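# Results of the structural survey
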Amino acid sequence: MKKIIIILIFIFSINNLFSQAGSHFYEFAEKLEQYFDKSLITDVKNALPQGSDYLIWGWDVGDFSGDKINDLAFGIVIKGEKKKKVRVYQFVDIDGFLTKVNEIQYDFFELPLEVGLVIKKNVCYITQKNKQFNWKIFGYTYDNGVIMKLDEYETEKFNKITKETYTNFVNLKCYEKYINTGDGKELFNTDYLTIPSYPRGKKIYKGYASESYSDYTDYASSGAFHWNGEKDLSYSVRSSYDEQFLYFLINVNDESVIPYICDTCNTDAVTLWLDMNQLLEDGIPNSKVENEKLLIKDKAETGIYKFVVRPGDFKEIKPYLEINTSDKLENFQKLASQSIKVSSNYTKTGYVVKFKIPFQIFGVETNFLEETKINYIGCTISVNDIDNEFRLDEKTTLSTSKFIENNPSTFGKLIIVPQNQWFGDSKNIFKDDILKAISDNGF
């Protein structure tokens, strides 16, 4: 990511040489002629606001659709517009024609040049300066009719401390990092997978990740030396919710499953850790900078829940779920625990466990499910893999974060996505044509 920032700074310097006051389209067109036919450049001009006087600020040519053919991205500022906005346009070569696939507006802080563009390694990166020492970088890619936000990076400086955050909307891998601004030394970092939880039954369209997948060596808190890769241990996590329950489905790849046959036996298991404090405290993070000091919440006296799922023997012994919590449960919470359901199935590549947990067990009101904003719950899932029940030193534990037990600052995130929202940003460029065709045919 640092390389990308350096590249963007270089692009800014080129843009400064290109024009400190923006360029008219005819000047821009002359630059594009070395990449595109004049007829394609005319098509680009026709796709821009007609009857408006505008200037080009920042541009790049390259492939962000993966077909090894040049695409185009640039920003314009409409003259006389009082708001400090740059309109970024992205064009992709589709069947020999430059087709507009996206148009986004970005605010700028002082100059339009603060919204910069660079196309590299099949990604179109867009930078935005929000305020002094606060930058964001958005990565976009195009695939088979869908323009999607691939990732998002932000850096913010708090005098002596610089914070970096990164989110990948495709593989759901994220990190937060704090650095000493003076000497560049890392003060704290957390690396994790985000697990999106959508309303139950909602269809997830292409471009939006619906499940997290863990096969990262960095997330093996124990037994990495004995871990032989994806077939030995890896898994996907899918979550959903309704008004009463939180649902999980974990599909585990394990070529040597040790079934649960007795309470004292060493067997494979799935563990769900939840930190409800983030939800209860309206999304307050586990790490933050306050009064020039870095505060890390590495302990929690309440709000931590641990659910251990033992899959059974997939025949006669049913799967079993064990609950541990830092809270003292009220009677209604204990009663709610009786509605927990769990099931498991043996598969050709391992096993699957499914379970649902009532929101009532956490002692929280479910009115947050009616909100239009995304809600966050601290969450990590760990899978224990025991290939030989008599050699426990060879046990592997693989999580969805760089996880330390009972340390909420190492948890990942479960995000409760409202009904009409998505985690990420994706758009089918043929959507309007499809809807029109459906309407024309009387549907």
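This brings us to helix α2 (residues 25-32). Side chains three or four residues apart in an α-helix point the same way, a direct result of the helix having 3.6 residues per turn. When α2 is considered as a whole, its buried residues turn out to be F25, F28, A29 and L32. Summarising the axial view, the buried residues of α2 lie within an arc of 105 degrees, below the 170-degree limit, and thus occupy one face. Projecting away from the buried face of α2 at angles above 90 degrees are the exposed residues Y26 and E30. On its buried face, α2 sits against α3 (38-46), β1 (54-62) and β2 (71-78).

Looking now at the environment of D385. One can find D385 in strand β23 (residues 375-385). Judged by relative accessible area, D385 falls into the buried class, the value being 1%. The spatial distance from the C-alpha of D385 to the C-alpha of T396 is 5.1 Å, given a sequence separation of 11 residues.

It is worth spelling out the packing of α2 against α3 at this point. At a minimum axis separation of 10 Å, α2 and α3 run at an interaxial angle of 145 degrees. Between α2 and α3 lies a crossing whose hand is right-handed. Counting all contacts with α2, which are made through F25, A29 and L32, the residues of α3 involved are I41, V44 and K45. Counted by class, the contact of α2 with α3 contains five nonpolar, no polar and one charged residues.

Space inside the largest pocket adds up to approximately 630 Å³. Around the largest pocket, the lining is made up of 24 residues, and of these E154, T165, T167, E176 and Y376 lie nearest the centre. Listing elements by their share of the lining of the largest pocket, those giving two or more residues are β8 (146-158), β9 (161-168), β10 (173-180), β11 (186-199) and β25 (412-416). Per-element tally for the lining of the largest pocket: the top contributor is β8, with five residues. Each residue belonging to the lining of the largest pocket can be placed in one class, and the counts come to 10 nonpolar, six polar and eight charged.

Turning next to the nonpolar core. Within the largest apolar cluster, 41 residues are counted, with the highest numbers of intra-cluster contacts made by I250, L274, F307 and F362. Elements with a minimum of two residues in this core: β11, β14 (234-241), β15 (245-253), β16 (269-275), β19 (304-310), β22 (350-358), β23 and β25. What F362 contacts, discounting residues up to four positions off in sequence, is L274, M276, Y305, F307, Q333 and I357. Membership of the second largest hydrophobic core comes to 23 residues, among which are A73, V86, V101 and C124.

Attention now moves to the confidence of the model for the protein chain. Looking at the protein chain as a whole, the pLDDT averages 87, with 88% of positions reaching at least 70. The low-confidence segment residues 6-19 (pLDDT under 50) makes 22 contacts with residues lying over four places distant or belonging to another chain. Note that pLDDT drops below 50 for residues 434-440; the model gives that stretch one contact with residues more than four away or on any other chain.

Calculation notes
Residues numbered from 1 in each chain as written. Predicted model: local features only at pLDDT ≥ 70, side-chain atom pairs only at ≥ 80, totals over all residues. Heavy atoms only, no water. Buried < 20%, exposed > 50% of the residue type's maximum accessible area, 1.4 Å probe, protein only. Helix = DSSP H or I, 4+ residues; strand = E, 2+ residues; numbered from the N terminus. Arc of directions from axis to C-beta. Contact = heavy atoms within 4.5 Å. Axes fitted to C-alpha atoms, helices over the stretch in contact; angles between N-to-C directions. Left-handed = near helix turned anticlockwise from the far one by under 90°. Nonpolar A, V, L, I, M, F, W, Y, C, P; charged D, E, K, R; others polar. 1 Å grid on protein atoms, 1.4 Å probe; cavity = no way out; pocket = protein on both sides within 12 Å on 5 of 7 lines; lining within 4 Å. Points joined across faces, edges and corners; volume = space filled by probe spheres on them. Core = buried A, V, L, I, M, F, W, Y, C linked by side-chain atoms within 4.5 Å. pLDDT = per-residue confidence, 0-100.

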